[in-house]
Amino acid sequence: MRIALHTKMLIGGAAGAAGGVLAHLTLRDSPALDAFVRYGTQPIGQVFLRLLFMLVIPLIFSALVMGVAGLGDLRRLGRIGLKTLIYTVVVSSIAVVLGVLLVNTLRPGEGLPPAQRAALTASAAERAASLTTTTSAPRTGIQFLVHLVPDNPLRAAVEGDMLAVMFFSLLAGIGLTLASTDASRRLLEVIEGLYDLTMTLIQMVIALAPVGVAALLFTVTAQLGYSVLVQLARYVGVVVLGLLLHQFVVYSLSVKLLGGMSPVRFFRGISDAMLTAFSTSSSSATLPTALKVAEENLRLPPHISRFVLTIGSTANQNGTALFEGVTVLFLAQFYGVPL
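None of these values were measured; they are calculated from a predicted model. Within every chain, residues take consecutive numbers counted from 1 along the sequence as written. The predicted origin of the model limits local features to residues at a pLDDT of at least 70 and limits the giving and counting of side-chain atom pairs to 80 or more, whereas totals for whole chains, interfaces and linings rest on all residues. Derived side-chain values reflect all non-hydrogen atoms in the structure, with water molecules and hydrogen atoms excluded from consideration.

**Concerning the overall build of the protein**
We count a stretch as a helix when DSSP gives it H or I for four or more residues in a row; a strand needs E for two or more, and each element gets its number in order from the N terminus. On a plain count of helices and strands, the protein comes out with 17 helices and zero strands. Each residue is placed in one exposure class: buried if its accessible area under a 1.4 Å probe, protein chains only, is under 20% of its type's maximum, exposed if it is over 50%, and partly exposed if it falls in between. Looking at the protein as a whole, 37% of its 339 residues qualify as buried. A separation threshold of at least 6 residues defines the contact pool for the protein, and within that pool the share at least 24 residues apart is 79%. Note on definitions: a residue-residue contact is assigned when non-hydrogen atoms from the two residues lie within 4.5 Å.

Structure representation (structure tokens):
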């Protein structure tokens, strides 16, 4: 009987986590375990992630160009873009409010014994002293808008500036829509070939996902064990509770009311993308799988899914919006800082 990919990934993740915890309990601080992680599971997990990241730039460029060109009418692009923007703002705001309400209600940062707090504070101070303080401030306001326009799209791609790459890709798609010439149509066929090539490579990489997921989770649990989860159980519990409520309540209502689709069918269809996101903790690394399941499992129009998912991988990170609010307030509660 053929085992589904998401089942293989789940088995791989469970086996990796269980094996890592067992190794941490029995071989902690052992040179053999350190060597196994350093020369075995860690490079395997990193290679898996790098294979996914390697395909992100060509995927974003080709998917966005084809998504815009596939609309055929720039007025449709404006309508879809506006709907995407409104949805992103509303759902991200719900995520923030949900996280802030939970962390202020359950207050996971309080109740730590003073001695343990002092020890953790001292340890954190030692690590903080080794960090560089030359990091530049994040771009804000007009500066952020200016830097959305890349002066060199190739440099933006090399530096991983995804928003700038997306802006260039959107302009390229608009240009190909307006330039109705034989040469532009041939160029669009080349870009479609690039998309097909990228998706073929993605399928090959995703086939390795069970091994990559097992290696990633074994590395983390072998190094940290279960104690890290015990120490931060309240904090983790609040974050996970918020994510579960947002995913299975907010998203279910969104899918049902706005998309007219059964939430059960939706979550069953995106299970591969959910497991990839859980194991890699990266929107960019999950984007290839998200595009694949959107078109193959959910049967969404390709020009819609390519446009919305590619933009959403950077602009619509609801989990990050929820998580960062919880994290800041948890730390404030931990150190007794009133906000």
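**Some remarks on the packing of aromatic side chains**
Only Phe, Tyr and Trp rings take part, Trp by its six-membered ring, and two of them pair if their centres are within 6.5 Å. Stacked means planes under 30 degrees apart, edge-to-face means over 60, and tilted covers everything else. The tally for this structure, following the rule as stated, stands at five aromatic pairs. Each ring, one from tyrosine 235 and one from phenylalanine 330, has its centre 4.6 Å from the other, and the planes form 35°; the classification is tilted. One end of the pair, tyrosine 235, is in helix H12 (residues 233-259); the other, phenylalanine 330, is in helix H17 (residues 318-334), and 95 residues separate them in sequence. For phenylalanine 330, a relative accessible area of 10% corresponds to the buried category. Each ring, one from phenylalanine 266 and one from phenylalanine 267, has its centre 5.2 Å from the other, and the planes form 70°; the classification is edge-to-face. Three or more aromatic residues joined by ring pairs form one cluster here, namely Phe248, Phe266 and Phe267. Seen from the ring of tyrosine 195, arginine 306 lies directly overhead, with NZ or CZ sitting 4.2 Å from the centre. Here, a charge over a ring is recorded when the distance from Lys NZ or Arg CZ to the ring centre is within 6 Å and its angle to the ring normal is within 35 degrees.

**Brief notes about the nonpolar core**
Most often, soluble globular proteins keep nonpolar side chains buried together rather than apart. To qualify as a nonpolar core, a set must consist of buried Ala, Val, Leu, Ile, Met, Phe, Trp, Tyr and Cys residues joined through side-chain atoms within 4.5 Å. In terms of nonpolar packing, the biggest core is built from 37 residues, with Leu59, Ile60 and Phe307 touching the most fellow members. Secondary structure elements with two or more residues in this core: helix H2 (31-54), helix H3 (56-71), helix H4 (74-106), helix H8 (162-178), helix H9 (182-206), helix H10 (209-224), helix H15 (283-296) and helix H16 (302-315). The leading source of residues in this core is H3, at nine residues. Beyond its immediate chain neighbours, meaning those up to four positions away, leucine 59 contacts Tyr195, Thr198, Met199, Ile202, Leu287, Pro288 and Leu291. Formed by 11 residues, the second largest nonpolar core is a distinct cluster that contains Leu98, Leu102, Val239 and Leu322.

**Considering the environment of glycine 175**
Position of glycine 175 relative to the elements: it lies in helix H8. For glycine 175 and alanine 69, which are 106 residues apart along the polypeptide, the C-alpha to C-alpha distance reads 8.6 Å.

**Details of the environment of methionine 9**
Relative to the helices and strands, methionine 9 resides in helix H1 (residues 5-27). Among the residues examined, methionine 9 registers a relative accessible area of 3% and is labelled buried. Along the sequence, methionine 9 and isoleucine 206 sit 197 residues apart, while their C-alpha atoms lie 9.7 Å from each other.

**Quick word on the side chain of histidine 246**
Note on placement: histidine 246 falls in helix H12. In this structure histidine 246 comes out as buried when scored by relative accessible area, which is 4%. Pairs of N or O atoms within 3.5 Å make up the polar contacts considered here, provided that, within protein, one atom can donate a hydrogen while the other can accept it, and that residues adjacent in sequence are counted only when both atoms are side-chain atoms. A polar atom in the side chain of histidine 246 sits 3.5 Å from the side chain of asparagine 318. Each residue touching histidine 246, except ones within four places of it in the same chain, is listed here: Val91, Ile94, Ala95, Leu98, Tyr251, Asn318 and Leu322.

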